[in-house]
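# Structural features, examined
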Amino acid sequence: MSEKFMTYRITAKTVESSMITSFLLTPKTGPAPDFHPGEYLIFELPCGLDGTPIRREYSISGLVDGALRVTIKREPAAAGHAPGLGSAYFHDDLGVGATLRAAGPFGQFQLDRASPRHVVLLSGGVGLTPMVAMAHDLAAKGKPFTFIHACEDGAVHAMGDEMRALVKTHKAMTTHFCYRLPRHEDKPGRDYDSTGFLTAGTLQNLLPLADYDFYLCGPGPFMQALYDILQGLGVRDDRIRYEFFGPATLLRPRTTAPNLPPPTLRAEGENAAPMVHFTKSGLSVEWDPAVANLLEFAEEQGLMPDYSCRAGTCESCKTRVTAGETEYLFQPFEIPSDGSVLICCSVPKGDVTLDL
Amino acid sequence: MLDKPQIDADLSDPGTFDHGIPQAAFAQLRATKGLAWNPLKDEGPEAGFWSVGRFDDIVKVSRDTETFSSAVGHIQIYNIDDDALSARASMIDMDPPEHTRLRRLVNPGFIPKNIRDYAPVVKARAGALLGKMQAEGGGDWVAGVAKPIPIGIICDMLGVPTEDHNLMIEMTDYLVAGTSAAPLDPTAYGNTTPLRLLPFNSPAAHGLREYARRLGAIRRADPRDDLVSKLVTLEVDGERLTDEEYTNFFRLLIFAGNETTRTAMSHLALLMAQHPDQFERVRKDRSLLTTAVEEIVRYSTPILYFRRTATRDVDLSGTMVRRGDRVVMWYASGNFDETRFDNAQSFDVARPALPFHAGFGGGGVHTCLGAGLARLELAVLLEEILDRGLTIKILDKPEFVNTNFVNGIEKLDITFGQ
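Residues numbered from 1 in each chain as written. Chains lettered and ligands numbered in written order. Predicted model: local features only at pLDDT ≥ 70, side-chain atom pairs only at ≥ 80, totals over all residues.

### Re the overall build of chain B
For clarity, the cut-off: Helix numbering and strand numbering both begin at the N terminus, where a helix is a DSSP run of H or I of at least 4 residues and a strand a DSSP run of E of at least 2. Whether a residue is buried, exposed or partly exposed is read from the other C-beta atoms within 10 Å of its own C-beta, which are placed from the backbone; 20 or more gives buried, 12 or fewer gives exposed, and intermediate counts give partly exposed. Residue pairs are scored as contacts if the distance between their C-beta atoms, which are placed from the backbone, is within 7 Å.
Assigned secondary structure in chain B consists of 17 helices and 14 strands. Burial status across chain B gives 49% buried among its 418 residues. Considering only contacts within chain B whose residues lie at least 6 apart along the sequence, 71% involve residues at least 24 apart.

Structure representation (C-alpha cells):
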C-alpha cells in the first residue's frame, strides 16, 4: 500500500459491456503494488472543469499479467447533466500508451482472507468491480463462494463471460445473474438466471442455511434493498460487509433504528413508486411521478420549504437527505458542498428520506 | 484617462428602446471584450455604469448578492440618496438576510399549489375580454386585454376590491412613466413629498402608499384570506411589518404583478401577428403551450434590466469593476446570447425550456416571485385565444413605452382573423 502517487501506463483497454471498459495499468517503474481484493486506487486526473486536477476512486477488479486492472462505467449525461468527468476522461481520452497518476491501493472494504466461511458476493451494476477481484482471489485459493450480480440486461452486463469461464475451472463457485429487463437476445440459463430484482426467495434457493460472509457493493437503493432482505433472512450485521458506489450512508436495519420511519406496506416489483419520508413532519408518502420535483411534492403535502428561484440557481431550497438518493433533473449551478440537495430540481431515485 | 470600452448606443437613454429591444446594440455589447462602460453625462464627467450583456456574466452578477448588492445603491440605473432609498426599500432593494426575511412572508402565496386556483379566473376574464373585443371587431389589445387581466389577478391576491382595479392601473402606469424622461406633475394624487424620496420619483407612488395604508387599516380590523391581510397581521421575529415596510411591499407587488405580465401579454399578441405559423403549431399541438410561453418571455424580456452595485473591487469578465461601481444586468441582451441559445434571434415555440432564459432574472434569490403566476396567466390566455380559433393582425407599428427599464407596449391596435 502506498500513500504516494505513482505513474502508470495503460497497457490494455478492453470494452467489457456497452457502458463499462477495463484498463490495465502497469507501473512505469517497479512492480504493481500488492493489493487486497476490495481495495481501490485514487487517481489524479487533469480533467477538472477549470483545469484543476480532480481525484477519483476506482476499485481494482484484478491483477492481470502483473498489471492492476480497473473497470470503469461511463457515467452518462442525463437531460441537462454533463457526463461524469472522471469516467468520461477514461473512456474518451485515455488509450493504450497513455500515462496517469494513482495512489494506493486503499480501502476498508476488503475480502477477509482468513475467514473459513462460504463467501457470497452480491453486486449491482458497476459494483461488481471489487467483487470480480475477490472472485479471482477466492478461486485461486480454491475456496467456495457464490457470485451474485444484478444489472439491467446483457448489453450492460460486464465480465459475465469472465465469471462464467471461472465457474468452468473452479468447481466450488456458483454464479447467479439477475437481469432487470432482459433484451430479446438475452437467453435464460445461458445469459441470466432470474429477472426483475433479487428477492429473498432467490437468495434462499441459492444459499442453503449456513453461516456465510456477505459482501455487498452497488448503488444506494440496491444496497438498502439487499440489506433488508438479508436482515429478513436472519443474517447478522457482522456478517455483512459493504461498500457504496456513490453517496454513502450507513445501512441500518429498518425495524430497529429509532430515527427511521416504520416500514410501510407497498407492492413489490418494478412498478412500485418510491416512498418519500419527511422526518420532521412525520409524513411518508408514495412519490407521484406526475409532480415535477421534490419541492412541489413537499408543497402538495402541505409543507412549506424555503425557496426562491425554483431553478437550481440559488440554494434556498437545499435540504438534507438522510437516507436514499435523489437525482437531478438538470445540472444545477452548484451542488451544495455539504451533501444536501436542491429539491427544486430533484426527484427521488428510490426511497428517500428528507429532513423536512 | 482609463480606457473603458463603450458601445455606440447609450443604454441609459429611453430613446434607444423606442423600437423594442435594441438587438444591434446588444450584439455589440456581447461582442465587447469585458464589460462596456456607459457614461451618464447628466450626472457628471466620471459618472456611468458597467453594462453586462453576456448570459454567463449576468448569472455571475445575479447570484452573488454579497459582491453585487441590491441594497447599496438602487436597482434602477439612477442613483438615489440613502434616505430616499430606505424610505422606499422593499425586498427587491435588499440583500440576504433582510431580503430572506421578507421574501419568506410572501413565498407561500405563490407556490404552484396556491396559484393554480387562479387558472379558471384567468380563463373567465380572458374569455370575457376577448369576446368583447371580438364583438367590437378589434381594438387596442393593451387596454382591452393585456392590462386588465394581470391587474385583476394581483388585486384579487392582494385583496384590492374590484372597483379599485382601474385606479391601480392608472397609478402603476404613472410609476413606469416615472422611469422615463417625461416630467410629471409633482402634486398628482395629493402628493406633497419631494419626488426624490418617492419610488420611481413618481407622485403615483405616494398615491399607492396612501391607498395601501387605507386598505391595510380596513383589513387589520377585519382580516380576510388575502395577501394584504397577511402582510398587516403577520409577525416576523415577533414584530409586525412597519407601515413603511408594508406599503413598500404593496407597491412592489402591485407593480411587479401588473406591469410585467401586461408587457408579456402585449408581446404575445404582437408575436402572434408576426409569427402566425409558429402559433399554428401550438394550436395543433397544445403540448407546446409551455415552451411557447417561455419563448414569449425570452423574446420579449419584459424587464430589460436590473442594476447592482459592487461592494468590493472585482474582476468581472476581465474588467476591473471598482467598489461602488454600478453594474447593470441587461437581461434583454442575455436572452439573445448566441453562445447560449441556438438561433437566438429566431422565435421558436418549441425551443427547449433548458437552458433557461433570464426573463425572470439571472438566477439567485431575487428570482421573480411571480414567475409561476405569470406563466399560468400567459398559458391560459394563449389557450383561450387558440380555443377560439383566433388569429391576430396588427394595424399599426406598436408604440413602445418611453423607458429603458420595461419593454412595454403603450398601444397595439389589432383586428382578429379567423
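### Comments concerning the nonpolar core
Rules: One nonpolar core equals one set of buried Ala, Val, Leu, Ile, Met, Phe, Trp, Tyr and Cys residues connected by C-beta atoms within 7 Å.
Residues Leu268(B), Trp330(B) and Leu381(B) are the most contacted members of the largest nonpolar core, which totals 114 residues. When near neighbours in sequence (up to four residues on either side) are disregarded, Leu268(B) contacts Ile296(B), Leu378(B), Leu381(B) and Leu382(B). Grouped together as the second largest cluster of nonpolar side chains are 58 residues, Leu24(A), Val132(A), Ala150(A) and Leu203(A) included.

### Focus: unusual backbone geometry
Between Gly104(A) and Pro105(A) the backbone carries a cis peptide bond, its omega angle lying at 15 degrees. The omega torsion across Pro96(B) and Pro97(B) is 5 degrees, close enough to zero to call that bond cis. Looking at the element boundaries, Pro97(B) is found in the loop between α3 (82–88) and α4 (98–106). Although it is not a glycine, Arg310(A) sits at a positive phi angle of roughly 55 degrees. Tracing the chain through its elements places Arg310(A) in the loop between α6 (294–300) and β15 (318–319). A tally of 25 C-beta atoms within 10 Å means that Arg310(A) is categorised as buried. Although it is not a glycine, Asn343(B) adopts a positive phi angle of roughly 45 degrees.

### Here's the deal with the pairing of strand β2 (residues 48–52) of chain B
Residue and element names in this part refer to chain B. Condition: Pairs of strands are assigned from DSSP output, requiring at least two bridges between the strands.
With respect to burial, β2 is a largely interior element, 5 of its 5 residues being buried. Burial along β2 is two-sided: Gly48, Trp50 and Val52 facing one way and Phe49 and Ser51 facing the other are all buried. Note that β2 and strand β10 (residues 326–330) share 3 bridges and pair parallel. The partner of Ser51 across the bridge, within β10, is Val328.

### A look at the interface of chain A and chain B
Using the following cut-off: Each residue is assigned to one of three groups, with Ala, Val, Leu, Ile, Met, Phe, Trp, Tyr, Cys and Pro labelled nonpolar, Asp, Glu, Lys and Arg labelled charged, and all others, Gly among them, labelled polar.
Residue-level contacts link 15 residues of chain A with 14 residues of chain B. Among the residues forming the side of chain A that touches chain B, the class breakdown is 7 nonpolar, 4 polar and 4 charged.

### Description of the confidence of the model for chain B
The line we're drawing: The pLDDT value expresses, per residue, how confident the predictor is, ranging between 0 and 100.
Summary statistics for chain B give a mean pLDDT of 91 and a share of 97% for residues scoring 70 or more. Interface confidence for the predicted complex, given as ipTM, is 0.89, next to a pTM of 0.65.

### A few points about the packing of helix α13 (residues 259–274) of chain B against helix α15 (residues 289–300) of chain B
Relative placement of two packed helices is described by the angle separating their axes and the distance separating the axes. All names here are of chain B. To be explicit about the condition: As a rule, the C-alpha atoms of each element are fitted with a line to give its axis, helices using only the stretch in contact, and angles between N-to-C directions run from 0 to 180 degrees. Oblique is the label for any angle not covered by the other classes, which are roughly parallel (under 35 degrees), roughly antiparallel (over 145) and roughly perpendicular (65 to 115).
Where α13 meets α15, the axes come as close as 9 Å, and the angle between the chain directions of the two elements is 100 degrees. Relative to α15, α13 is oriented roughly perpendicular. Contacts between α13 and α15 involve Thr263, Ala264, His267, Leu268 and Leu271 from the former and Ile296, Val297, Tyr299 and Ser300 from the latter. The class makeup of the residues in the contact of α13 with α15 is 6 nonpolar, 3 polar and no charged.

### Observations regarding the packing of α13(B) against helix α17 (residues 371–387) of chain B
All names here are of chain B. Inclusion rule: Helix crossings get a hand from a simple test, with the near helix turned counterclockwise from the far one by less than a right angle marking a left-handed crossing and a clockwise turn marking a right-handed one.
Two elements in contact, α13 and α17, have axes whose closest approach is 10 Å; the angle formed by their N-to-C orientations is 30 degrees. Taken together, the axis directions place α13 and α17 in an arrangement best described as roughly parallel. For the pair α13 and α17, the sense of crossing is right-handed. Contacts between α13 and α17 involve Thr260, Thr261, Ala264, Met265 and Leu268 from the former and Ala374, Glu377, Leu378, Leu381 and Leu382 from the latter. Of the residues belonging to the contact of α13 with α17, the class tally is 7 nonpolar, 2 polar and 1 charged.

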